[in-house]
Amino acid sequence: MTLSVGPVSDSLAAWFAGRGIPALPSEILAIAVVCALPVLGIVFPIAGVAQYFERKIAGGVQRRKGPMVGANGIVDLVCDLLLFWQPRWKRRAFARSLERAPVLGPVLGLVRRWGLGAIAADGVKMFLKEDMAPEGADKLLFFGSTYVALLGSFLAFAVFPFSQSFHMGDPPVAALYLGAVTGLVAVSILKAGWSSNNKWSHFGGIRAVAMIVSYETPITLSIATVCMWSGTMSLQGIVAAQFRPGILSFTGWNLFQSPFLALVAGVYYVAALAECNRAPFDLSEGESELVGGFHTEYSGLRWGLFFIAEYSDMILVGGIFATLFLGGYQSPFLEDRIVALPPLAEALVHTAIVCAKFLASIGFMMWIRWTLPRFRIDQVMNLAWTKLVPLALLCLFGTALTQLWLSGRVPVAPVVHGRYLSAPVVRPDLLSWAISWIVVGGLLAALVVWAKKEGSPKPAQVRKLLGEEGA
Amino acid sequence: MSILGWVREIVEGVEATAHGLATTARYLKDNATDTGDGSAMTVDYPVQPARVPDGYRGHLFNAVDDCTLCKQCQRACPIDCISMEGELNENAKFHISRYDIDLSKCIYCGLCTQICPTGSLRMTKGFEIDPRNSVNERGGRYLYRMRPDQTRRRMDTLEVDRLNRITAADPSTLSDDDRAFLSEVEDERGGRFLFARFGMGFYTPEEKAEADRIRAERKRAKEQAAAEAAAKVAADQAALQSDQAHGSAGGNP
């Protein structure tokens, strides 16, 4: 694996040297920085804050206020620690603090007003809970599967490009590698469910594996479509191929290149939602049927690690979606100016942009989660095999035909994006771009209109619910 | 399944999802701006006052001067949590001197307020019982402790605590100091306290007006019902007479 963090680690070594600190060799520093930064600096904070926003969004959608009194959790904990031997005094002190919390200072008042203390209170709660394993559990697998769950998403960050210089490695088969390591999630969930010695956990694990394996197919097909369009499986190459000089940099993003790529972006997002076990595909932890699914028996920090793995998967999915379809770390405007910045500034700006794309994706996933009800297992399988896979195949062939047609019209040349050179790609000029959108988009629109008119009617039950005539 | 049906299923799925997302987005927006029909239905309770719905059955309140000590509430109570004592005053009328409701037993059914002939006993919207007063000198019963802002005279917490302690205690055991404090509060409000374990039988002009209003409303409703019944009887008779007249006209052409 090649390390291409030279500028970052060199600046860091220079910083250390300037302060008289014996500097580590630049390569070791680079490995430390690059291994630690994505996971500790980006994934953990986002996962910690995301659960707060998850609750706030859930509250907003369900006409509640969400967390409002998180500070009380901390006050309760302090009272508990100080007065654990006298529960009645503890309760009295806690009740006093509830009455008087606003006078503890404007900061606590603010925390209380927004419920920000919930973040810290949740973390403290997870750390303090007992780490238990059920009787009869396979201890090795039970305790090991939490690490495998984390490993699945953290390994994927090894090839993820945060900026031109800030990434651990860029193997030429990065897309294939992504597909391989994200499969570890299924392994960890199956192991967690089986080793819990609990049939509901086991069912959760089996469901998750059935679902993840099914949804791997459309994901792989949609990644293959983008790789074919970009002519490479290297993520930096895919990002570089989406570069366009000028003010409107986003015109180069794959999402807008052809209707088939836009369609396959939707296929990828739906399938990726299932891949990270997110609602409405959270069958593996369907609490109405399976208590908590595969993580029923986990407590405290181990449960928290599954939680972090879930959010880390969400971040990863958002990141891959951005890399494949939304120009990766590129800015939507004036990308050529950002690439020309000094390496450290370029790394900071690009990392900030890609983090904004993560957050947008996470926000959208939360929005979906609190909108759609959970699917049944047959609906999930039906969606994967009869809808997403044919759509992805259609897009694959459509993209191939578009590329074939374009290669006769426009020059096929590599794109230079800062330090990276993409594989030779077709860059549709305005005319061919408009033709492809109008012809294919028009055909698809006509098909939709025709199908809505002539397709098999909705079931009577649905028509009755929608209040349509003839029910 | 035909191709068209397949396309239609996909399109309808996308449409339904978009519809749902639009709905939840509207709720999110309404909730964030606190406007429209998607605004939050809950309140941040200890900080904001709780929204109590109409018809909520909270603590009981007895207006002292209107109570005639008929003891119907005591008889109506299904779990016998009401007890009272009274004495004849100078006008040879009963006046209650003690009115107890054991809140550890009360089920807030409201039967006592329905039976009350004078409308002096009614349910308030109050629901906050302070467990700090759960054990008092007289047998571990719950005592409703008023918050400072619930008493019309703005009192601080110490004063309210003292007032509650006084009203919960046996009147004969009060110190002179306590009596002076009590009369001071009573003079300020123009009302009087009831020695009771539950509540303070505060009687103020506003509450008298409220009781009068309730009584007048009941009286008006009763009179209206009587008038309607009379009108109905009259109308029935008129209809009967016209029927007879019509029948006779029809019977003898």
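As a reminder, the structure under discussion sits directly above these lines.
Residues numbered from 1 in each chain as written. Chains lettered and ligands numbered in written order. Predicted model: local features only at pLDDT ≥ 70, side-chain atom pairs only at ≥ 80, totals over all residues.

Colleague: Any chance you could explain the overall build of chain B here in plain terms?
Modeller: A tally of helices and strands in chain B yields six helices and four strands. Start at the N end of chain B and walk to the C end: the helices and strands fall as α-β-α-β-β-α-β-α-α-α. Across the 253 residues in chain B, those meeting the buried criterion constitute 18%. (Helix = DSSP H or I, 4+ residues; strand = E, 2+ residues; numbered from the N terminus. Buried ≥ 20, exposed ≤ 12 C-beta atoms within 10 Å, placed from the backbone.)

Colleague: When you look at the interface of chain A and chain B in this model, what are you seeing that I'm missing?
Modeller: Reports of interface size often rely on the accessible area that becomes lost once the parts have come together. Of the residues lining the interface, 21 residues belong to chain A; the matching set on chain B comes to 21 residues. Elements with a contribution of two residues or more to the side of chain A that touches chain B: helix H2 (26-61) and helix H18 (430-454) of chain A. Tallying contributions element by element places H18(A) first for the side of chain A that touches chain B, with six residues. When its residues are assigned to classes, the side of chain A that touches chain B shows 11 nonpolar, four polar and six charged. (Contact = placed C-beta atoms within 7 Å. Nonpolar A, V, L, I, M, F, W, Y, C, P; charged D, E, K, R; others polar.)

Colleague: Hey, could you run me through the nonpolar core in this one?
Modeller: What tends to happen in soluble globular proteins is that the nonpolar side chains get buried as a cluster. Judged by nonpolar contacts, the single largest core of 94 residues is most densely connected at A:Val264, A:Val267, A:Tyr268, A:Ala271 and A:Phe321. In this structure, A:Val264 is in contact with A:Ser222, A:Thr225, A:Ala392 and A:Cys395, ignoring residues within four places of it in sequence. Core analysis: the next-biggest nonpolar cluster, separate from the first, contains nine residues, B:Phe61, B:Cys77, B:Ile82 and B:Cys112 among them. (Core = buried A, V, L, I, M, F, W, Y, C linked by C-beta atoms within 7 Å.)

Colleague: For this particular structure, what's the right way to read the packing of helix H9 (residues 184-195) of chain A against helix H10 (residues 199-230) of chain A?
Modeller: Helix packing geometry: the angle between the two helix axes and the distance between the axes. Residues and elements named next belong to chain A. Between H9 and H10, the shortest axis-to-axis distance is 7 Å and the interhelical angle comes to 165°. With respect to each other, H9 and H10 are oriented roughly antiparallel. Crossing of H9 over H10 shows left-handed handedness. Where H9 abuts H10, its residues Val 185, Ala 186, Ile 189, Leu 190, Ala 192, Gly 193 and Trp 194 lie against Ser 201, His 202, Gly 204, Gly 205, Ile 206, Ala 208, Val 209, Ile 212 and Val 213. A breakdown of the residues in the contact of H9 with H10 according to their chemical character gives 11 nonpolar, five polar and no charged. (Axes fitted to C-alpha atoms, helices over the stretch in contact; angles between N-to-C directions. Parallel < 35°, antiparallel > 145°, perpendicular 65-115°, else oblique. Left-handed = near helix turned anticlockwise from the far one by under 90°.)

Colleague: How should I be thinking about the environment of A:Gly246 in this particular structure?
Modeller: Relative to the helices and strands, A:Gly246 is located in the loop between helix H11 (235-241) and helix H12 (259-275). Taking C-alpha positions, A:Gly246 is 46 Å from A:Asp122, a pair spaced 124 residues apart along the chain.

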